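Results of the structural survey
Chain residues, written in single-letter form:
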Amino acid sequence: MINKKWRTSLLDVKIKRGADIASDHELLVAKIRLKLRNVKIGSERKGKFDTGKLQLKLELSNRYQVLQADDQELNIAKFNQELLDVSHKVRGPVKRKKEQWISEESLKLIGERKQTKEKLLETKSQRILGHLKEEYSTLDKNIKKSLRQDKKNYYDMIADRAKKANQRQDMRTLYQTSKMLLKDFQNCETLIESNSSNIQIQILQINTEQTTTEEIKSAIESLNTGKAAGEDRVTAEMLKLEKEITPQILQKIFSDIWKSEELPTE
């Protein structure tokens, strides 16, 4: 029943006859004592913020005006912290909702099977017991059939969602739905080799002067939304919320970095 290695760890065993597990076996619950290895706890998982309301933009604009009026030195760490504080205060982290694929009909059948299981445990008459076992078996088959159909309908819905996302060139939704449909989905990049030996090198003229406000505004507008944040947890959606004051503050921060010729350590 149990490996010799774990024999001293097994403290107690109980059988739960009332559990509806769609089987002729009974549910067994064991109390086991284990000595766990000391594992270092990593950093807390950092989720994304919901940046979809006008209230967040107004609050962010007010904070920026306070920052501009403040005489203290403004750095990139303080700027990022203000963005995170406002996002957490107004909207909070995004709560992911798990889609329910089991239909109401299947849930109803599961409830009927559970009631039949309770009657099986309470009945002592052999004639009624045989009838209930047959009823339980029929309900179990119908539940499995209904769940298979529900899962098929769910995957058909996801495939239809991916098809519509492809038609409107919504790559984010298409990527997410493809990842749900394919369990071993991997985003791979393949290098294309050219048979031609003619390689053209284009020399870019890079401006080494101070960054202007218009350049920062243009760079923010070109950022792709829906991308994961880095270590600072600042997303492109946060930077695009306020389009007037944000470039001005960033221009001042970048100007101080350019003059000091020292990169921030934060």
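Quick summary incoming for the structure in this document. (Residues numbered from 1 in each chain as written. Predicted model: local features only at pLDDT ≥ 70, side-chain atom pairs only at ≥ 80, totals over all residues. Heavy atoms only, no water.)

**Notes on helix H8 (residues 245-260)**
Compared with an ideal rise of 1.5 Å per residue, which puts 16 residues at 22 Å, H8 spans 23 Å between its outermost C-alpha atoms and is within 8% of the ideal. Among the residues of H8, Ile245, Thr246, Pro247, Ile249, Leu250, Ile253 and Ser255 are the ones counted as buried. A positive phi of about 60° marks glutamate 261, the residue just after H8. (Helix = DSSP H or I, 4+ residues; strand = E, 2+ residues; numbered from the N terminus. Expected span 1.5 Å × (residues − 1). Buried < 20%, exposed > 50% of the residue type's maximum accessible area, 1.4 Å probe, protein only.)

**A few points about unusual backbone geometry**
Outside of glycine, negative phi angles account for most residues, and trans bonds account for most peptide bonds. A positive phi is found at glutamine 169, a non-glycine position, where the angle reads about 60°. Position of glutamine 169 among the secondary structure elements: in the loop between helix H4 (126-167) and helix H5 (171-181). A positive phi angle, close to 65°, is found at arginine 233, a residue other than glycine. Secondary-structure assignment places arginine 233 in the loop between helix H6 (213-221) and helix H7 (236-241).

**Brief notes about the environment of asparagine 153**
With respect to the element layout, asparagine 153 can be found in helix H4. Among the residues examined, asparagine 153 registers a relative accessible area of 40% and is labelled partly exposed. Counting along the chain gives 50 residues from asparagine 153 to serine 103, while the straight-line C-alpha distance between them is 9.8 Å.

**Remarks on the packing of aromatic side chains**
The full count for this structure, using the stated rule, is 1 aromatic pair. Judged by centre distance (5.9 Å) and plane angle (50°), the rings of tyrosine 154 and tyrosine 155 are tilted. (Phe/Tyr/Trp six-rings, centres within 6.5 Å; stacked < 30°, edge-to-face > 60°.)

**Some words on the nonpolar core**
With 15 residues, the main nonpolar core has Tyr64, Phe79, Leu83, Leu239, Ile249, Leu250 and Ile253 as its most contacted residues. Secondary-structure elements contributing two or more residues to this core are helix H2 (76-90), H6, H7 and H8. Contact partners of isoleucine 253, with chain neighbours within four places excluded, come to Leu74, Asn75, Ile76 and Phe79. (Core = buried A, V, L, I, M, F, W, Y, C linked by side-chain atoms within 4.5 Å. Contact = heavy atoms within 4.5 Å.)

**Let's talk about the packing of H4 against H5**
Packing of H4 against H5 brings their axes to within 8 Å, and their N-to-C directions diverge by 155°. Of the possible angle classes, the one that applies to H4 and H5 is roughly antiparallel. Every pair of crossing elements has a handedness; the one defined by H4 and H5 is left-handed. Residues Tyr154, Tyr155, Ile158, Ala159, Arg161, Ala162, Ala165 and Asn166 of H4 form the contact with H5, whose own contacting residues are Met171, Thr173, Leu174, Thr177, Met180 and Leu181. The residue makeup of the contact of H4 with H5, split by class, is 10 nonpolar, 3 polar and 1 charged. (Axes fitted to C-alpha atoms, helices over the stretch in contact; angles between N-to-C directions. Parallel < 35°, antiparallel > 145°, perpendicular 65-115°, else oblique. Left-handed = near helix turned anticlockwise from the far one by under 90°. Nonpolar A, V, L, I, M, F, W, Y, C, P; charged D, E, K, R; others polar.)

**Some remarks on the environment of glutamine 210**
Along the chain, the position of glutamine 210 falls in the loop between H5 and H6. Separated by 49 residues in sequence, glutamine 210 and lysine 259 have C-alpha atoms that sit 8.7 Å apart. There is a polar contact of 2.8 Å between the side chain of glutamine 210 and the side chain of serine 255. (Polar contact = N/O pair within 3.5 Å; in protein donor to acceptor, adjacent residues only side chain to side chain.)

**Regarding the pattern of salt bridges**
Applying the stated rule across the entire model yields 8 salt bridges. Aspartate 160 serves as the salt-bridge partner of lysine 164, at 3.4 Å between the closest nitrogen and oxygen. Remark: aspartate 160 and lysine 164 occur in helix H4; sequence separation between them is 4 residues, near one turn of the helix. Assessed through its relative accessible area of 45%, lysine 164 is described here as partly exposed. The partly exposed category is assigned to aspartate 160, whose relative accessible area is 36%. In this structure, glutamate 244 engages lysine 217 in a salt bridge whose closest nitrogen and oxygen atoms are separated by 3.8 Å. Taken as a pair, glutamate 244 in the loop between H7 and H8 and lysine 217 in helix H6 lie far apart in primary sequence, 27 residues in all. (Salt bridge = Lys/Arg side-chain N within 4 Å of Asp/Glu carboxyl O.)

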